[in-house]
Amino acid sequence: MTTSLESLSEELLVRIVSFTERLSLPSLALASRTMNRLVIPELYASIDFNRASSDTGVEFLIPLTYHLLNNPDLATLVRSLSIRDVFGSVEDDLIPLDEGGDNDFRKGWPSTADLKDIDALLRGAVGDVEDIEEGKAKLFNAVRDGSDEGSIIVILISKLPNLRSLDIVGGMTNAGRELLRFFQRVAKRKAPFDRNHVLTKLSDVLVSGWDEKYPNSPDLLGAYLELPSIRRLHGYQMGNNDQTKVTEAMGALGTGSSPVEELELRASQLYGLDLDRVLKSCRNLKTFIYEVGHAWAWYPLRTSDIMNSMTAVEKTLENLVLEHSEYVTDNAEDGEDSLTAVSLANFKELRCLNISALFLGGFKQNEKADLRSIFPASLETLHITHLGDPTFCVPWIPSALQQAIEHKDLVFPGLRKLTLQGAFLSHSYRLEEIKGLVHKAKELGIKTVILAGDGTGSRSWIDSDERGWGIDEEVKWKECWGNNAFDVATFDVEWDESGIRKTKITA
């Protein structure tokens, strides 16, 4: 007997829809009225534009904007929006539309619609985001003739009342500046957003640069920070710590003005004063993940700038990751940053710490530091990376850590997990360097995990899975160039009474 979709329970049909590939959803929606009703929310929940550039534009941006302006009930279904490729304006050499209609690269406003109806629809949308007549006229013209895609994106985003997740490429295009202005005005509640509240549910944002080789301006990062519902903000390849003045968007941030609770800056190198303004704006930052660096460029670490800025969040921070790429240079010899070990003792709420050995010992610091005084007593999990690497880990780090572990009751009485990460696969002899540390940690009942990599190359050139985001790297965004994970194996290491090492890969 043949079973039709209509005979299945609605709960089962919903499950079928949730497991259907996105490209198949439009066809499934045509199967029946019931399937259409169940598929439509899934189909509109996530909008992902791709295959665009600053000169050819975003192919279906205008038709979708028109469709959602005409169907506000469908606009309420959108939860996620991604525009990863570069969008543009005529000032960015965007190829003009043919008298407002389609060209060979992108679609214009529908030719089947009445021109007066299109104008009325757009004037209403423009009036919701601009308060001054001159601004209304300028925005209307840019949207109507399709000459500035940033302006069109402004109209689109402003009409998505339930938008929760946003992933828009950052950069210095003219179209991007219009978008930046919009976010800043929304954040500052400038008219008309003092009465027309938008983006009230936007909580998760990724801002990545369009240029894969050079650092990208952190302007959008600064604008996002003060949005009313922002909680998790992830930035990729942001900033340039060689600049000489504060980025304008960062300078506009107020102290304690940002509600963000998780801030991640990956493959980034913010200018010291920019980072200072960013962290001072965070009134309740719980998680800070900072991977200093860039996939292409050598850069100074400037640990002092980082630690001075972090004093702004020492009372709220619970999770901290301090990492760097392999292209960090030694600026201690130039007298710029001779700090040997960071101190986190004042971070009274810190529970989870993932930190490179370089931040504990600095570059080529021959004098052993006492690490017992740098950790907060609240610490529960400690993850040390780059152990044994002669470039980033001075030889005394393992013994100094062992000394801290030996005084666990005084240093961090609640410590329950210790993770030691290094290139142990290709340099197994380095396991001997952490032998005493591992023995003592296990003796004290601390769960000890050894993560072993092969120590080869940059993430940019490794054919591996896309690396996740967040403190546990479980948050998924669209692929970012160079954001590949290192392949690591989990080791269990024991030494018998005669000192023979036994290694077992457990994961």
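Overview of the structure. The written sequence of each chain sets the order in which its residues are numbered from 1. For this predicted model, a pLDDT threshold of at least 70 governs which residues receive local features, and a threshold of 80 or more governs which side-chain atom pairs are given and counted, while totals over whole chains, interfaces and linings are taken from all residues. The side-chain figures draw on all heavy atoms in the structure; neither hydrogens nor water molecules are used.

Before going further, it helps to spend a moment on the overall build of the chain. When you go through the chain residue by residue, the secondary structure sums to 18 helices and 16 strands. Scaling as 2.2 N^0.38, a compact globule of 507 residues should have a C-alpha radius of gyration of about 23 Å, and the chain matches this with 26 Å. Principal-axis analysis of the C-alpha atoms places the extent of the chain at approximately 85 × 70 × 40 Å. Residue burial in the chain is summarised as follows: out of 507 residues, 53% are buried. Two residues form a contact once any of their heavy atoms are found within 4.5 Å. Residue pairs in contact within the chain that sit at least 24 positions apart in sequence constitute 77% of those at least 6 positions apart. Method for areas: the Shrake-Rupley scheme with a 1.4 Å probe, in which residue coverage is limited to the protein chains shown. Here the chain has roughly 23200 Å² of accessible surface; of this, 49% comes from carbon and sulfur atoms. Think of it this way: any DSSP run of H or I at least four residues long counts as a helix, any run of E at least two long counts as a strand, and we number them from the N terminus. Two things to know: the radius of gyration comes from C-alpha atoms, and the globule rule equals 2.2 Å times the number of residues to the power 0.38. For every residue, the accessible area obtained with a 1.4 Å probe (protein chains only) is divided by the maximum for its type, and the residue is called buried under 20%, exposed over 50%, and partly exposed between those limits.

Time to look at helix α4 (residues 61–70). For α4, the buried fraction is high: seven of the 10 residues fall into the buried class. Every buried residue belonging to α4 is among Leu61, Ile62, Leu64, Thr65, Tyr66, Leu68 and Leu69, and all of these are buried. Looking at the packing, one finds that the buried side of α4 touches α3 (33–45), β1 (46–49), α5 (72–75), α6 (115–127) and α8 (149–158).

It is a probe the size of a water molecule, rolled over the atoms, that shows where empty space is left. We place a 1 Å grid over just the protein atoms. Points where a 1.4 Å probe fits but has no way out form a cavity, open points with protein on both sides within 12 Å along at least 5 of 7 lines form a pocket, and any residue with an atom within 4 Å of a point lines it. Grid points are joined across faces, edges and corners, and a volume is the space filled by probe spheres set on the points. Quantified by volume, the second largest pocket comes out at close to 620 Å³. Arg22, Ile47, Asp48, Phe49 and Phe60 are, among the 17 residues lining the second largest pocket, the residues nearest its centre. Take the lining of the second largest pocket: its biggest share by element is four residues, from β1. When residues are sorted by character, Ala, Val, Leu, Ile, Met, Phe, Trp, Tyr, Cys and Pro go into the nonpolar class, Asp, Glu, Lys and Arg into the charged class, and all the rest, Gly among them, into the polar class. Residues that form the lining of the second largest pocket fall into these classes: 10 nonpolar, three polar and four charged.

Turning next to unusual backbone geometry. With an omega dihedral of 5°, the bond running from Ala191 to Pro192 counts as a cis peptide bond. Topologically, Pro192 is positioned in the loop between α9 (174–187) and β4 (204–208). Even without a glycine there, the phi angle at Gln237 is positive, about 55°. Within the secondary structure layout, Gln237 lies in the loop between β5 (232–236) and α11 (248–251).

Pairs of aromatic rings are described using the distance from one ring centre to the other and the angle between the two planes. Two aromatic rings from Phe, Tyr or Trp, using only the six-membered ring of Trp, form a pair when their centres are within 6.5 Å; if the ring planes differ by under 30 degrees the pair is stacked, by over 60 it is edge-to-face, and anything between is tilted. Counted by the stated rule, this structure contains seven aromatic pairs. Ring pairing ties together the aromatic residues Phe182, Phe183, Phe193 and Tyr224, which thus form one cluster. To sit over a ring, a charge needs its Lys NZ or Arg CZ within 6 Å of the ring centre and within 35 degrees of the ring normal. Cation over ring: Arg266 sits above Trp469, and NZ or CZ is 4.0 Å from the ring centre.

Of the two faces of strand β15 (residues 489–495), the one lined by Ala489, Phe491, Val493 and Trp495 is fully buried and the one lined by Thr490, Asp492 and Glu494 carries no buried residue. Any two strands with at least two DSSP-identified bridges between them are counted as paired. With three bridges joining them, strand β14 (residues 447–452) and β15 adopt antiparallel strand pairing. Among the inter-strand pairings, Leu451 is bridged to a residue of β15, identified as Thr490. Two strands pair when backbone bridges link them, and β15 and strand β16 (residues 501–505) are joined in this way by five bridges, in the antiparallel orientation. Across the sheet, residue Trp495 finds its bridge partner in β16, namely Arg501. In textbook terms, the turn of a hairpin is the stretch between consecutive antiparallel strands, and for β15 and β16 this stretch comprises five residues, one of which, Gly499, has a positive phi near 90°.

Whenever a carboxyl oxygen of Asp or Glu lies within 4 Å of a side-chain nitrogen of Lys or Arg, that contact is scored as a salt bridge. A full pass over the atoms with the stated rule returns 25 salt bridges. Of the charged contacts in the structure, one is a salt bridge between Glu264 and Arg266, with a shortest N-O distance of 2.7 Å. Comparing Glu264 with Arg266 shows no difference in burial state: the two are buried. Here Glu443 makes a salt bridge to Lys440, at a shortest N to O gap of 3.0 Å. You can see Glu443 and its partner Lys440 sitting in helix α18 (residues 435–443), three residues apart, about one turn around the helix. Residue Glu443 is classed as exposed on the basis of its relative accessible area of 59%. Residues joined by salt bridges that share partners form a network here, namely Glu130, Glu178, Arg181 and Arg185.

The next subject is the side chain of Ser82. Relative to the elements of secondary structure, Ser82 occurs in strand β2 (residues 80–83). For Ser82, a relative accessible area of 6% puts it in the buried group. Under the rule applied, a polar contact is a pair of N or O atoms within 3.5 Å (in protein, one hydrogen donor and one hydrogen acceptor; residues adjacent in sequence only if both atoms are side-chain atoms). Reaching out from Ser82, the side chain makes a polar contact with the side chain of Asp167 at a distance of 3.4 Å. With residues near it in sequence (within four places) discarded, Ser82 still touches Ile47, Asp48, Phe49, Asp167 and Lys478.

Let's shift gears to the pairing of strand β11 (residues 352–356). Of all five residues that make up β11, five are buried, and the element is covered over most of its length. Here β11 shows two buried faces, one formed by Cys352, Asn354 and Ser356 and the other by Leu353 and Ile355. Pairing of β11 with strand β12 (residues 381–387), which is carried by five bridges, proceeds in the parallel orientation. Bridged to Leu353 within β12 is Leu382.

On the secondary structure map, Arg185 appears in helix α9. Judged by its relative accessible area of 9%, Arg185 is buried. Polar side-chain contacts of Arg185 include one of 2.6 Å to the backbone oxygen of Val129.

We now examine the nonpolar core. Counting 134 residues, the largest nonpolar core has Ile157, Phe183, Phe288, Met310 and Leu371 as its most contacted members. The element that contributes the greatest number of residues to this core is α9, accounting for seven residues. With sequence-adjacent residues up to four places away left out, Met310 is seen in contact with Leu279, Phe288, Leu317, Leu320, Leu322, Leu344 and Phe347. If you look at the next biggest cluster of nonpolar residues, it comprises eight residues, including Leu13, Leu25, Met35 and Leu38. To qualify as a nonpolar core, a set must consist of buried Ala, Val, Leu, Ile, Met, Phe, Trp, Tyr and Cys residues joined through side-chain atoms within 4.5 Å.

Look at helix α15 (residues 397–406) against α18: their axes get within 8 Å of each other, and the N-to-C directions meet at 15°. Considered as vectors, α15 and α18 are oriented roughly parallel to each other. As for how α15 packs across α18, the hand of that crossing is left-handed. For the pair α15 and α18, the contacting residues are Pro398, Leu401, Gln402, Ile405 and Glu406 in the first and Gly436, Leu437, Lys440 and Ala441 in the second. To obtain an axis, a line is fitted to C-alpha atoms, over the contacting stretch when the element is a helix, and the angle between two such axes runs from 0 to 180 degrees between their N-to-C directions. Each angle is binned into one of four classes, with values under 35 degrees roughly parallel, values over 145 roughly antiparallel, values of 65 to 115 roughly perpendicular, and all other values oblique. In a left-handed crossing the near helix is turned counterclockwise from the far helix by less than a right angle, and in a right-handed crossing that turn is clockwise.

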